[in-house]
Amino acid sequence: MKMVFTSQDSLLINHMKNLLDNDRIACFLKNQFLTSGAGEIPPVEVWPELWIEEDADYDAAVKTIATTPKAGSSWRCLQCGEWSEGQFSQCWNCSTDRPEQKE
Ligand SMILES: [Zn+2]
């Protein structure tokens, strides 16, 4: 077993898991729920981790992840040219919808 990806963004890591599932790469998540405690801040920040079952799948898994546009990255508004953070689906400036991400 090997860890192939980690992120503090649980939506992003679930997205990556779905991609590996689509590639028929056996994988699972660790630490997924540790940071969602009710008001309790863990003493050490623990990020969710994406692991694969078979080491032989490592290269394919890393390639899939590396070639995926990161859902958490910033994007540029086509209407006004302002940059918005990846978690927003509309421009902060003019409320234009986020453009489709290119593969
Ligand atoms: Zn805009």
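What counts as what
One numbering rule holds for all chains: residues counted from 1, following each sequence as written. In view of the model being predicted, local features appear only for residues whose pLDDT reaches at least 70, and side-chain atom pairs are presented and counted only at 80 or more, with totals across whole chains, interfaces and linings using the full set of residues. Water and hydrogen atoms were dropped before computing side-chain values, which therefore reflect all heavy atoms in the structure. A helix here means a DSSP run of H or I that spans at least four residues, while a strand means a run of E at least two residues long, and both kinds are numbered starting from the N terminus. Accessible area is worked out with a 1.4 Å probe on protein chains only. A residue is then buried under 20% of its type maximum, exposed over 50%, and partly exposed in between. Areas reported here follow the Shrake-Rupley algorithm with a probe of radius 1.4 Å; residue values treat only the protein chains shown as occluding. An expected span of 1.5 Å times one less than the residue number is assigned to each helix. Working note: the arc is built from the helix axis to C-beta atom directions. Note on contacts: a residue pair is in contact if any heavy atoms of the two residues lie within 4.5 Å. Here a polar contact means two N or O atoms within 3.5 Å. Within protein one must be a hydrogen donor candidate and the other an acceptor candidate, and residues neighboring in sequence count only if both atoms are side-chain atoms. Only strands that DSSP links by at least two bridges are regarded as paired with each other. To get an axis, fit a line to the C-alpha atoms, keeping to the stretch in contact for a helix; angles then go from 0 to 180 degrees between the N-to-C directions. Salt bridges are defined as contacts in which a side-chain nitrogen from Lys or Arg sits within 4 Å of a carboxyl oxygen from Asp or Glu. Residue types Ala, Val, Leu, Ile, Met, Phe, Trp, Tyr and Cys, when buried and joined through side-chain atoms within 4.5 Å, form a set referred to as a nonpolar core. Here a pair means two rings of Phe, Tyr or Trp (six-membered ring of Trp) with centres within 6.5 Å. Their orientation is stacked below 30 degrees between planes, edge-to-face above 60, and tilted elsewhere. In this scheme, the term charge over a ring applies when either NZ of a lysine or CZ of an arginine sits within 6 Å of the ring centre and within 35 degrees of the ring normal.

Peer 1: Please clarify how the overall build of the protein chain should be interpreted in this entry.
Peer 2: Check the secondary structure of the protein chain and you find two helices and five strands. Starting at the N terminus, the α and β elements of the protein chain follow one another as β-α-β-β-α-β-β. Within the protein chain, the fraction of its 103 residues that count as buried is 23%. Accessible surface, the protein chain as shown: approximately 7,300 Å² in total, 50% of it carbon and sulfur.

Peer 1: In this structure, what is going on with helix α1 (residues 10-22)? I would like to understand it.
Peer 2: The periodicity of an α-helix, 3.6 residues per turn, causes residues three or four positions apart to be oriented the same way. In a regular helix each residue adds 1.5 Å, so 13 residues correspond to 18 Å; α1 covers 18 Å between its end C-alpha atoms and thus fits that length. Considered for burial, the residues of α1 that qualify are L12, I13, M16 and L20. Looking straight down α1, one finds that the buried residues subtend no more than 95° of arc, so they occupy a single side. Facing away from the buried side of α1, by more than 90 degrees, are the exposed residues L11 and N22. In the core, the buried residues of α1 are packed alongside β1 (2-6), β2 (27-30), β3 (49-52) and α2 (58-66). Structurally, the start of α1 carries an N-cap: the backbone nitrogen of L11 is 3.0 Å from a side-chain oxygen of D9.

Peer 1: How should the sheet that holds β2 be read in this particular structure?
Peer 2: Sheets are built from strands paired through backbone hydrogen bonds, the pairs being either parallel or antiparallel. Spatially, β1-β3-β2 is the arrangement adopted by the three strands of the open sheet, whose pairing is antiparallel. Each of the sheet's edge strands pairs with one partner strand only, and the pair in question is β1 and β2. Pairwise comparison of adjacent strand axes, ignoring direction, gives a mean angle of 30° for this sheet. Packed onto the sheet, α2 meets β1 and β3 and runs at close to 5° relative to β1.

Peer 1: Help me out: how do you make sense of the pattern of salt bridges in this one?
Peer 2: Following the criterion strictly, the structure yields one salt bridge and no others. A salt bridge links K17 to D21; the nearest nitrogen and oxygen atoms lie 3.1 Å apart. Linking K17 with D21, this pair stays in helix α1, spanning four residues, or about one helical turn. Note on D21: relative accessible area 35%, which makes it partly exposed.

Peer 1: How should the nonpolar core be read in this particular structure?
Peer 2: One broad trend across soluble globular proteins is that nonpolar side chains are buried collectively. Membership of the largest hydrophobic core comes to 13 residues, with the highest contact counts inside it found for V4, F5, L20, L50 and I52. Among the elements of the structure, β1, α1, β2, β3 and α2 are those that each provide at least two residues to this core.

Peer 1: I'm lost on the packing of aromatic side chains in this one. Help?
Peer 2: Geometrically, a pair of aromatic rings is defined through the distance of the ring centres and the angle of the planes. Going through the model one piece at a time under the given rule, you end up with one aromatic pair. Judged by centre distance (6.5 Å) and plane angle (20°), the ring pair of F28 and W51 falls under stacked. With F28 in strand β2 and W51 in strand β3, this pair connects stretches of sequence that are 23 residues apart. F28 gets classed as partly exposed once you look at its relative accessible area, which sits at 21%. By relative accessible area, which is 17% here, W51 ends up buried. Between K30 and the ring centre of W51, over which it is positioned, the NZ or CZ distance is 3.7 Å.

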